[in-house]
Amino acid sequence: MSNYQKPLPVIQPHSAAFWEGTRQHKLMIQHCRDCDSNIFYPRKHCPECWSENLDWIESSGKAKVFSFSVTYEGLEPMFQQDLPIILAWVDLPEGVRMCTNLLNCDPDEIEIGMEVDVVFQQATEDITIPYFTPSSPVV
Amino acid sequence: MSKGLAIVGIAEVPTKRDPERTRWDILLEVCVGAVRDAGIDKNEINAVISPNPMAQPEMQNDMALGKIPDVLGLKGCRDICIANAGGTSNTNCLRLAQELIDSGQANFVLIPHTTVQSDMPPADLINFFATAPLDKQWEYPWGVSFNGSMGLITNRYMYETGASQEQMAAVTVGLRAWAAMDPMSIFYGKPLTLDDVLESRMVSTPLHARECNLLADGGGAMVVTSHEIARQMGDGRHAYKLGHGTRFTSAAPFTREDIFFRESYRASSQDALKQAGMTIDDIDLRQIYGAYPFTQCSALEGYGAVPENQGAIAWAEGRCGPGGDLPCTTMGDAIGRGHTGSGVSMAFYIDCVRQIRGEAGERQIQNCNNVIVTTSGGSGMNTCTTVFGSEPR
Ligand SMILES: [Zn+2]
């Protein structure tokens, strides 16, 4: 059994494919077949054209840091052992931005614009969570 | 028909953390206080519209289901309602009140706010504020909090504008300088230096503890009426609503194009100023509810009061604090006042009235006739800007 203590994502029918993707270590981005938009976060209707004719594409997972914030305190006790947590908004080449954490990097070495790659960590048997890590390890 | 909206009665309790002072203690004091301040009879109140008391389910039920007119014996009350749009709840109370006044259903509307947060366990407060505005699927699993979310925005703001940590800290110093002169603030008599801010604990970079909000208890109430009725009350000098504009960005900050709300400040203020027949240069005081320092900067830029990217410089030069030529947020924002939940913006409107009446004491802006007030809700989902003047148009 997993002893993962942190909150798990609340998954919806239209986002299930995203979380199925992360289980297979793939970062899936929703795509509208009608207007060609890439959509994040996943929705039932395309937020551009309201089409329900939605598909999925696999992201390269190579992103750039749009912004970051290193959180030292103020989270619920279940996050305590992970502090400090590096929050980041990363821009994927598919034109979408997602919220994540940066792993395996020194908070002092992070810069806006830095290149990061997706990595996956299994939280429970069913849930694998995507994180990002610097593309070229900082020495 | 009697139209327009003017604020003719105000009352507040000092913001503090004191679980002995109950929600109803605060509520009754401010309701009675505001009606007496307006100089009307309690039975002249035709409606009670309250901001939703966030995270306080019993008071929410009491307010939503009509207890206030009952308890206070408001015999002329025709309807009640609570409004919830986070920090813009009060703005929506004013808009609902105006509809009742414009449609002839009300001459006077009472808008009361009460919050007690000091009786909630800290873990519950963190949980509530960590989860309320955040996406349970796309933010919360990664440990995003309100402070973290605003840290992300602030970091990007500093990157794009070149604002330094010292310039950003100057915003909090300026806000606390106002708050230190305000007996309604939890920080009355407690100004901060730049070093106090920069040497406080780092909460979520680049935000130090002093740049984050202290959750507190408080409340206030307003009595509002039409322009025509207001003109005949007292000396006729009241806060008359002259223009209003509003914009929505999105619930989740990472999906926004308008990262700093700057374009929303710009568009909403342009709408409001246009209706008021003014430009930003006609404004004597800017009251900005943004809860975090970057908003005090990006709002000035969006208003067009300073050039783009120079909001933090204006604060660092002392232009926005006491004695400055561009006074902003004389009640200290939530950072300087103590954050009182979704009714937090009550204090901004009440201070607007005090300034227009000339009753702001040490904080009084000379010849304060026109005030622009902006509120935001959630984690910056919307931006509601109102222009008030000392005379109806
Ligand atoms: Zn589409």
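Overview of the structure. The model shown is predicted, which means the values in this text are computed figures rather than measured ones. (Residues numbered from 1 in each chain as written. Chains lettered and ligands numbered in written order. Predicted model: local features only at pLDDT ≥ 70, side-chain atom pairs only at ≥ 80, totals over all residues. Heavy atoms only, no water.)

## What about the environment of I259 of chain B?
Here is the rule: Runs of E in the DSSP output that reach at least two residues are strands. Runs of H or I that reach at least four are helices, and both are numbered from the N terminus. Partly exposed residues are those whose accessible area sits between 20% and 50% of the maximum for their type, while under 20% is buried and over 50% is exposed, using a 1.4 Å probe and protein chains only. Pairs of residues are marked as contacts when any of their non-hydrogen atoms sit within 4.5 Å.
Turning to its location among the elements, I259 of chain B is positioned in the loop between β8 (239-248) and α10 (262-276). For I259 of chain B, a relative accessible area of 7% gives the class buried. Separated by 234 residues in sequence, I259 of chain B and D25 of chain B have C-alpha atoms that sit 40 Å apart. Not counting the four nearest positions on each side in its chain, I259 of chain B is found in contact with F66 and R97 of chain A together with I153 of chain B.

## Some words on the coordination of the zinc ion
All names here are of chain A. The cut-off we apply is this: Coordination shells were defined by N, O and S atoms within 2.8 Å of each metal, extended to 3.2 Å for Na, K and Ca; water is absent from the atom set, which can make sites look incomplete. Geometry is assigned from donor-metal-donor angles: four donors are tetrahedral when every angle falls between 85 and 135 degrees, four are square planar and six octahedral when opposite donors sit over 155 degrees apart with all other angles between 65 and 115, and any other arrangement is irregular.
Within the protein, the atoms that donate to the zinc ion are C32 (SG), C35 (SG), C46 (SG) and C49 (SG), at distances of 2.3 Å. Each of the four donor atoms around the zinc ion contributes to a set of angles spanning 104 to 115 degrees, which defines the coordination as tetrahedral. Counting the intervening residues between successive donors of the zinc ion yields the motif C-x2-C-x10-C-x2-C. Separated by 17 residues along the polypeptide, C32 in strand β1 (residues 28-32) and C49 in the loop between β2 (38-39) and β3 (54-58) bring together distant segments of the chain.

## Overview of the nonpolar core
Here is the rule: Joining through side-chain atoms within 4.5 Å is the link that ties buried Ala, Val, Leu, Ile, Met, Phe, Trp, Tyr and Cys residues into a set, and such a set is a nonpolar core.
Counting residues in hydrophobic clusters, the biggest one holds 149 residues, and the most contacted among them are L102 and F132 of chain A together with I7, L110, M222, V223 and V224 of chain B. Broken down by element, the residue count for this core peaks at eight residues, all from helix α14 (residues 346-357) of chain B.

## Some words on the sheet that holds β8 of chain B
All names here are of chain B. Quick note on the threshold: By the convention used here, strands pair only if DSSP detects at least 2 bridges between them. Here an axis means a line fitted to C-alpha atoms, over the contact stretch when the element is a helix, while the angle between two N-to-C directions is reported on a 0 to 180 degree scale.
Spatially, the nine strands line up as an open sheet ordered β3-β2-β4-β7-β1-β8-β11-β10-β9, and their pairing is mixed. Each edge of the sheet is formed by a strand with only one pairing partner; in this case those strands are β3 (79-83) and β9 (285-288). Ignoring strand direction, the axes of neighbouring strands in this sheet form an average angle of 20 degrees. Of the strand pairs in this sheet, strand β10 (residues 370-377) and strand β11 (residues 382-389) are connected by eight bridges, and their pairing is antiparallel. What sits directly across from G377, in β11, is N382. Against the sheet, helix α4 (residues 89-102) engages β2 (45-51), β3, β4 (108-115), β7 (217-225), β8, β10 and β11, with an angle of about 160 degrees to β2. Helix α11 (residues 293-303) contacts β9 and β10 of the sheet and is inclined by roughly 130 degrees relative to β9.

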